[in-house]
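Understanding the architecture of this molecule
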Amino acid sequence: MPTITVRVPAKVNVQLVVGGVRPDGYHDLANVFCAVSLYDEVSVTPADALRLTVSGAQAHQVPVDDTNLAARAARLLAARHGLEPRVHLHIAKDIPVAGGMAGGSADGAAALVACDALWGTGTSRQELLGLAADLGSDVPFPLLGGVALGRGRGEVLEPLPAGETLHWVFAMADGGLSTPEVFRACDELRRRGGQGWTVADRPEPEPDPEVLDAVRRGDPVALGALLGEANDLQAAALSLRPALAATLHTGTEAGALGALVSGSGPTCAFLAKDTEAANDIAEALLASGNCQSVRVAHGPVPGAAVIT
Ligand code: C5P
């Protein structure tokens with residue numbers, strides 16, 4: 001039986017500008033995604049019917065029913081080509097679950113690539129990106145990897161030039177945060193602050209040109225200085241999980257050039273000068289007890305790719 005394995009990276013948002021609520025309930029975003037070297041692997045093998053298994057330390061937290069984006073991706077691609085999704089999907093999970101690093105979305109993207117290769121559907125990259133967007137706002141980006149600006153609800157991607165490799169530390173929290181809840185908390189904070197936009201007058205969110213320039217130059221000092229204000233969901237994530245403030249503080253005290261909540265959280269991301277500094281920050285975070293676990297990674301890295 002042929003097995004095809006696709007490796008797919010996690011992401012960190014070095015910018016997440018949240019605009020108003022659209023008529024469809026989603027928020028307009030200007031989102032700068034950076035793919036980082038934490039990977040899931042999705043393997044596909046022919047089977048009698050669709051089956052999904054998961055391995056890894058957090059496997060018990062991953063749904064194995066049709067809410068899993070990998071299963072939905074296999075069904076969607078099969079339906080597009082008039083096929084039955086007769087496939088065993090296996091996810092080797094290493095990206096934090098419900099951590100704001102798009103692990104579930106990455107699995108959806110990887111399943112599209114893997115099933116396309118297994119079934120020989122010859123689906124074009126453009127069509128895969130369209131199917132990915134149907135699955136979720138964050139699913140197209142892991143197909144591209146690197147660095148990209150996401151507009152719309154995050155799914156309309158423009159690849160961005162990126163300079164030197166950046167070194168990151170990720171501090172994982174105990175238990176995830178729900179993305180819809182974090183967006184709702186963001187709306188609530190804005191309403192209370194008198195900043196709520198109506199559908200009619202919502203301004204188009206724009207990325208900070210300084211963030212784009214720092215990423216283009218691969219300048220960790222310049223980017224680090226901007227991270228504290230880079231994520232519009234950060235205040236909302238902190239309101240739901242106040243303990244994250246101590247985590248951000250610990251990493252900054254330990255020498256991080258900048259820190260932010262990754263996406264909708266609760267993972268905190270720290271930018272380091274180099275690998276050595278990253279290891280020092282990771283050690284300090286672990287010793288503080290202000291997080292559940294720590295990972296060192298780098299980026300940008302390429303997107304989903306077949307490895308067997
Ligand atoms: O697109 P996806 O299914 O990943 O989005 C999950 C949830 O996050 C949405 O149902 C919505 O509540 C929120 N979301 C949003 N605006 C976006 C993306 C996601 O409000 N641009």
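The structure presented is a predicted model; accordingly, all values stated were derived computationally and were not measured.

**Re the UniProt feature "binding site: ATP" (unreviewed entry) in the protein**
Annotation from UniProt places "binding site: ATP" (unreviewed entry) at Pro 96, Val 97, Ala 98, Gly 99, Gly 100, Met 101, Ala 102, Gly 103, Gly 104, Ser 105 and Ala 106. In the annotated group above, the largest pocket draws its lining from Pro 96, Val 97, Ala 98, Gly 99, Gly 100, Met 101, Ala 102, Gly 103, Gly 104 and Ser 105. Position of Pro 96 among the secondary structure elements: in the loop between strand E4 (87-92) and helix H2 (103-119). Non-local contacts of Pro 96, meaning those with residues more than four positions away in its chain, are made with Leu 38, Gln 58, Met 101, Met 172 and Thr 267.

**What about the sheet that holds strand E9 (residues 268-272)?**
The 4 strands are arranged E8-E9-E7-E10 in an open sheet whose pairing can be described as antiparallel. Bordering the open sheet on either side are strand E8 (258-261) and strand E10 (293-299), each of which pairs with just one other strand. Across this sheet, the average inter-strand angle for adjacent strands is 25°, counted without regard to direction. As judged from the 7 bridges shared by strand E7 (residues 166-172) and E10, these two strands associate in the antiparallel manner. For Trp 168, the partnering residue across the bridge sits in E10 and is Ala 297.

**Quick notes on helix H6 (residues 209-217)**
All of the buried residues in H6 are Val 211, Ala 214 and Val 215. All buried residues of H6 project into a common sector of 100° when viewed along the axis, lining one side. Away from its buried face, by an angle of more than 90 degrees, H6 presents the exposed residues Pro 209 and Glu 210. Contacts made by the buried residues of H6 are with strand E1 (4-21), strand E5 (147-151) and helix H7 (220-227). Its side-chain oxygen at 2.8 Å from the backbone nitrogen of Glu 210, Asp 208 defines the N-terminal cap of H6. One or two residues past the end of H6 sits Gly 218, with phi positive at roughly 60°.

Conventions we followed
Residues numbered from 1 in each chain as written. Predicted model: local features only at pLDDT ≥ 70, side-chain atom pairs only at ≥ 80, totals over all residues. Heavy atoms only, no water. UniProt positions renumbered as here; feature names shortened; annotations may be inferred. 1 Å grid on protein atoms, 1.4 Å probe; cavity = no way out; pocket = protein on both sides within 12 Å on 5 of 7 lines; lining within 4 Å. Helix = DSSP H or I, 4+ residues; strand = E, 2+ residues; numbered from the N terminus. Contact = heavy atoms within 4.5 Å. Pairing = 2+ DSSP bridges. Axes fitted to C-alpha atoms, helices over the stretch in contact; angles between N-to-C directions. Buried < 20%, exposed > 50% of the residue type's maximum accessible area, 1.4 Å probe, protein only. Arc of directions from axis to C-beta. Polar contact = N/O pair within 3.5 Å; in protein donor to acceptor, adjacent residues only side chain to side chain.

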